[in-house]
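One letter stands for each residue in the lines below.
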Amino acid sequence: MPIDFVTGAPVDGDLRVRWIHGADGEPPIQVHAYDAHTFVLRQSKTVHFEGPFLFLMFGQSRALLLDSGASDAYPLRECVDRLVDEWLAVHPREGYELVVAHTHAHGDHIAGDAQFAGRAATTVVGVDAAAVQDFYGFTAWPDQVVTFDLGGRVLEIIGSPGHHDSAITVYDGWTGLLFTGDTVYPGRLYARDYPAFVATLERMVAFAEARPVTHVLGCHIEMTRRPGRDYPMGATYQPDEPPLELSLDRLRAVRDAAATLVERRGIHAFDDFIIYNSPGRLAMLWQAARAWWFRLRH
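What you see is a predicted model, and the numbers here were worked out from it, not measured in a lab.

## Some words on the pattern of salt bridges
Point 1. Taken as a whole and judged by the stated rule, the model has 16 salt bridges.
Point 2. One salt bridge connects Asp 81 with Arg 77, and the closest N-O pair in it is separated by 2.7 Å. Of this pair, Asp 81 and Arg 77 both sit in helix 1 (residues 76–90), four residues apart, roughly one helical turn.
Point 3. Relative accessible area serves as the criterion here: at 25%, Arg 77 is assigned to the partly exposed category.
Point 4. Residues Asp 230 and Arg 188 are paired through a salt bridge, measuring 2.8 Å at the closest nitrogen-oxygen approach.

In structure tokens, the structure reads:
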């Protein structure tokens, strides 16, 4: 039976979840159903310290896996195949496709791609900027808004360079979720190209303000619940994490903060995010020392 993905307002979803965070004995992947057609996956920090979030969305004719994680040494393919099989058992159709795409091309977002090599009816999108633009049909990167249809469930995509030159932002009108990759999340926001980062945030906010955004979902949690305090780089145990989701107001706060730092290199902490604008060697050595001390204690 066809699913009506065209609604007047985003569906109600569920983010009432305690994420795995590196505790002994936890599974390598946590799966949380936001709704019957949308899943949030987290890779355990016991597998890789990055502990990234991945997103699986189902449409009438294909599913999209957004990012494949930070390690190939965990059963992502098995997990995704099970979720697809379970979804198809309720919504049977022939020739159902899977697209494996990425918020950007850093290793902690593409390491699981190889698991999908040879999988039937599967496309793994290339990771460089040219491949991304070609796949989605960009002709005016990064300002253009393009669409990607999962079959009745149409995603809108904009280019988001700054953290990485192939980064994208994805909006899902079905849920109202805005997927921002590593550009915006509760953690350390590394701006490799600061002018592009600031321009992306301006574009992202304008894009979001024109749509009913329910939550902003990045790909990591690195902050603690203490305002302005993050877990050290490389932390594999984070028991006091805040929620993954941010609001549109917090997205505006990131944009506004970034705009004030154009001429201020360094590490700049705010309540629920930290902006890295070309920090010097001494600042990075301090971060490395924090990480060493944290590992020593844990």
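And the narrative resumes.
## Details of the sheet that holds strand 8 (residues 154–159)
Whether parallel or antiparallel, the strands of a sheet pair through hydrogen bonds between backbone atoms.
Point 1. Pairing within the open sheet is mixed, and its five strands lie in the order 7-8-9-10-12. Of all strands in the sheet, those bounded by a partner on one side alone are strand 7 (145–149) and strand 12 (215–218). Neighbouring strand axes in the sheet, compared pairwise and without regard to direction, differ in orientation by 25° on average.
Point 2. Note: strand 8 against strand 9 (residues 168–172), five bridges, orientation antiparallel.

## What about the packing of helix 4 (residues 194–209) against helix 5 (residues 248–260)?
Point 1. Here helix 4 crosses helix 5 at 150°, and the two axes come no closer than 9 Å. Comparing the axis directions of helix 4 and helix 5 gives the class roughly antiparallel. As for how helix 4 packs across helix 5, the hand of that crossing is left-handed. The segment helix 4 lies against helix 5, with Tyr 194, Phe 197, Val 198, Leu 201, Glu 202, Met 204, Val 205, Ala 208 and Glu 209 engaging Leu 248, Leu 251, Arg 252, Val 254, Arg 255 and Ala 258.
Point 2. Looking at the contact of helix 4 with helix 5 residue by residue, the class counts come to 11 nonpolar, no polar and four charged.

## Digging into the packing of aromatic side chains
Point 1. As enumerated under the stated definition, the model contains 15 aromatic pairs in all.
Point 2. Each ring, one from Tyr 171 and one from Phe 207, has its centre 6.3 Å from the other, and the planes form 85°; the classification is edge-to-face. One end of the pair, Tyr 171, is in strand 9; the other, Phe 207, is in helix 4, with 36 residues separating them in the sequence. There is no split in this pair, since Tyr 171 and Phe 207 are both buried.
Point 3. Every member of this aromatic cluster is reached through a ring pair, and the members are Phe 39, Phe 58, Trp 87 and Tyr 96.

Cut-offs used in this document
- Each chain carries its own residue numbering, running from 1 in the written order of its sequence.
- For this predicted model, a pLDDT threshold of at least 70 governs which residues receive local features, and a threshold of 80 or more governs which side-chain atom pairs are given and counted, while totals over whole chains, interfaces and linings are taken from all residues.
- Based on all heavy atoms of the structure, the side-chain values leave hydrogens and waters out of the count.
- Here, a salt bridge means any side-chain nitrogen of Lys or Arg that lies within 4 Å of a carboxyl oxygen of Asp or Glu.
- The secondary structure listing takes helices from DSSP runs of H or I that are at least 4 residues long and strands from runs of E that are at least 2 residues long, numbered from the N terminus.
- To sort residues, take the accessible area from a 1.4 Å probe on protein chains only and compare it with the maximum for the residue type: under 20% means buried, over 50% means exposed, and anything in between is partly exposed.
- Only strands that DSSP links by at least two bridges are regarded as paired with each other.
- To obtain each axis, a line is fitted to C-alpha atoms, and for helices this fit is confined to the stretch in contact; angles are then taken between N-to-C directions over 0 to 180 degrees.
- When an angle is under 35 degrees it counts as roughly parallel; over 145 it counts as roughly antiparallel; between 65 and 115 it counts as roughly perpendicular; any other value is oblique.
- The handedness criterion is simple: a crossing whose near helix is rotated anticlockwise from the far helix by less than a right angle is left-handed, and one whose near helix is rotated clockwise is right-handed.
- Contact definition: two residues touch when any of their heavy atoms are within 4.5 Å.
- Residues are sorted three ways: Asp, Glu, Lys and Arg are charged, Ala, Val, Leu, Ile, Met, Phe, Trp, Tyr, Cys and Pro are nonpolar, and all the rest, Gly among them, are polar.
- Between 30 and 60 degrees the pair is tilted, below 30 it is stacked and above 60 it is edge-to-face, where a pair is any two Phe, Tyr or Trp rings, Trp via its six-membered ring, whose centres lie within 6.5 Å.

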